[in-house]
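Summary of the model geometry
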Amino acid sequence: MNLLLDPLRFPFMQHALLGSIFVGAICAALGTFVVLRKIGFIGEGLAHGSLGGLAIGYIFHWNLYLTGNIYTGALALLIGYLHAKAKVSLDTAIGIIFSASLALGVALISRMQSYTTDLTAYLFGSVLSITNQDLQIIVIGASILLLLLVVFYKELVFCAFDPEMAEISGVPGTFFHYLLLLMIGAAVVIASQTLGIILVTAMLVIPAATAYQLTSSLGKMILLAVGVSIFASIVGLFVSYYLNIASGASIALAAAICFLLTYVFSPKRKTLHSSFGLR
């Protein structure tokens with residue numbers, strides 16, 4: 001018991017624990033739609049593409065959370081627009097936008113004299129250095145996204161899995177498609193502080209893929225994915241503390257182990273191809 005309670009005596013561990021739980025919950029909930037819609041690449045694209053916005057925010061001394069959210073939200077909308085209007089596949093649209101944005105970020109960073117801990121934390125994750133202000137932003141941001149998911153749950157499900165029928169029924173499918181992309185983009189930025197943009201895709205995909213092995217009910221899948229994500233976040237955080245390894249990496253690895261165990265022992269044994277939303 002002391003192994004669990006002793007680290008929580010420190011404020012930084014309390015902040016890290018709460019931040020990880022909220023980040024894990026929102027990433028897993030939205031990740032369910034990512035996996036079932038077979039758009040796992042979008043998390044990767046938005047996460048890496050956000051580097052351009054973070055670099056711009058750093059250069060002009062703007063708030064990185066605010067700049068990152070606005071920039072990544074714009075990327076998400078641009079991806080959706082390119083997919084709809086240019087008639088290219090979603091994967092192709094993601095590849096084009098995120099490659100260009102990532103290149104912009106690398107170009108801007110290469111002009112900097114040095115990196116600061118603020119920017120490095122977004123690149124590689126630094127859950128143990130979450131401040132009170134960071135925690136407030138994470139909690140408020142994740143709560144807003146969860147509220148939107150609850151309020152528009154039926155519409156998001158309808159438009160995600162039967163967009164043609166949704167349009168016929170009077171549900172604005174285009175609006176909810178873009179709303180989902182914006183929500184995923186916001187989740188990516190919120191999660192970047194804990195996991196870093198390099199590993200954020202793991203929490204968008206792996207918990208949902210794990211839950212996919214256990215149930216065919218969307219509601220149950222979301223709840224299971226959230227549970228797996230929170231469990232992996234807590235285990236990964238404590239492993240990071242005791243073994244002195246990167247927190248984002250340990251959380252992602254904990255989630256991957258959960259998936260592996262579920263995949264091996266699940267009676268459903270769905271393929272890796274379908275579990276991770278790959279075509």
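This text gives an overview of the structure that appears in the document. Not measured: the values here are computed from a predicted model.

**A short note on the layout of surface pockets**
Left-over empty space is what a probe sized like a water molecule reveals as it rolls over the atoms. In this structure, the second largest pocket occupies an estimated 200 Å³ of space. Looking at the lining of the second largest pocket, the elements that each hand over two or more residues are helix 4 (64-85), helix 9 (163-168) and helix 10 (173-195). Here the lining of the second largest pocket gets four residues from one element, more than from any other, and that element is helix 10. A breakdown of the residues in the lining of the second largest pocket according to their chemical character gives four nonpolar, five polar and three charged.

**A word on the packing of helix 11 (residues 200-212) against helix 13 (residues 247-265)**
Packing of helix 11 against helix 13 brings their axes to within 9 Å, and their N-to-C directions diverge by 20°. As far as their axial angle goes, helix 13 and helix 11 are roughly parallel. Viewed along their axes, helix 11 and helix 13 form a crossing whose handedness is left-handed. Only I251, A252, A255, A256, C258, F259 and T262 of helix 13 make contact with helix 11, whose side of the interface consists of A202, M203, I206, A209 and T210.

**Description of helix 4**
The end-to-end C-alpha distance of helix 4 is 31 Å, a good match for the 32 Å that 22 residues give at a rise of 1.5 Å each. Turning to helix 4, its buried residues number three or more, namely L64, Y65, T67, G68, Y71, T72, G73, L75, A76, I79 and G80. The positive-phi residue at the C-terminal boundary of helix 4 is K87, with phi of around 60°.

**Structural notes on the environment of K38**
The topology assignment puts K38 in the loop between helix 2 (11-36) and helix 3 (40-59). Separated by 53 residues in the primary sequence, K38 and D91 have C-alpha atoms spaced 9.9 Å apart.

**Some words on the packing of helix 2 against helix 11**
Close contact between helix 2 and helix 11 brings their axes to 7 Å; oriented N to C, the two are set at 75°. What the angle tells us is that helix 2 and helix 11 run roughly perpendicular. Where helix 2 abuts helix 11, its residues C27, A28, G31, T32, V34, V35 and L36 lie against M203, L204, V205, P207, A208, A209 and Y212.

**Brief notes about a nonpolar patch on the surface**
Residues F231, V235, V239, Y242, L243 and I245 make up a contiguous nonpolar surface patch of about 520 Å² in total accessible area. Mapped onto the secondary structure, I245 falls in the loop between helix 12 (218-243) and helix 13. Under the relative-accessibility criterion, I245 is labelled partly exposed at 38%.

Rules used throughout
Residue numbering note: each chain is counted from 1, following its sequence as written. Reporting of local features is limited, given that this is a predicted model, to residues whose pLDDT is at least 70; pairs of side-chain atoms are given and counted only at 80 or more, and all residues count toward the totals for whole chains, interfaces and linings. Side-chain metrics in this entry use all non-hydrogen atoms of the structure; hydrogen atoms and water are not considered. Cavities and pockets were defined on a 1 Å grid built over protein atoms only: a cavity is a set of grid points that admits a 1.4 Å probe from which the probe cannot escape, a pocket is an open set flanked by protein on both sides within 12 Å along at least five of seven lines, and lining residues are those with an atom within 4 Å of any such point. Grid points are joined across faces, edges and corners, and a volume is the space filled by probe spheres set on the points. A run of H or I in DSSP becomes a helix once it reaches four residues, and a run of E becomes a strand once it reaches two; helices and strands are each numbered from the N terminus. Three residue categories are used. Nonpolar comprises Ala, Val, Leu, Ile, Met, Phe, Trp, Tyr, Cys and Pro, charged comprises Asp, Glu, Lys and Arg, and polar comprises the others, including Gly. Geometry is summarised by axes, namely lines fitted to C-alpha atoms with helices restricted to the contacting stretch, and by angles between N-to-C directions that run from 0 to 180 degrees. Working definition: roughly parallel below 35 degrees, roughly antiparallel above 145 degrees, roughly perpendicular at 65 to 115 degrees, and oblique for all remaining angles. Helix crossings are classified by the rotation of the near helix relative to the far one: an anticlockwise turn of less than a right angle makes the crossing left-handed, while a clockwise turn makes it right-handed. Whether two residues are in contact is decided by their heavy atoms: any pair within 4.5 Å suffices. By definition here, a helix of n residues has an expected span of 1.5 Å times n minus one. Residue burial is assigned from relative accessible area. The probe radius is 1.4 Å, only protein chains are included, and a residue is buried under 20% of its type maximum, exposed over 50%, and partly exposed in between. The patch calculation keeps residues exceeding 30% relative accessible area without a salt bridge and links them within 9 Å when they carry like charges or within 5 Å when they are nonpolar (Val, Leu, Ile, Met, Phe, Trp, Tyr). The Shrake-Rupley method, run with a 1.4 Å probe sphere, supplies the accessible areas, and residue values consider only the shown protein chains as cover. For salt bridges, the criterion is a side-chain nitrogen of Lys or Arg within 4 Å of an Asp or Glu carboxyl oxygen.

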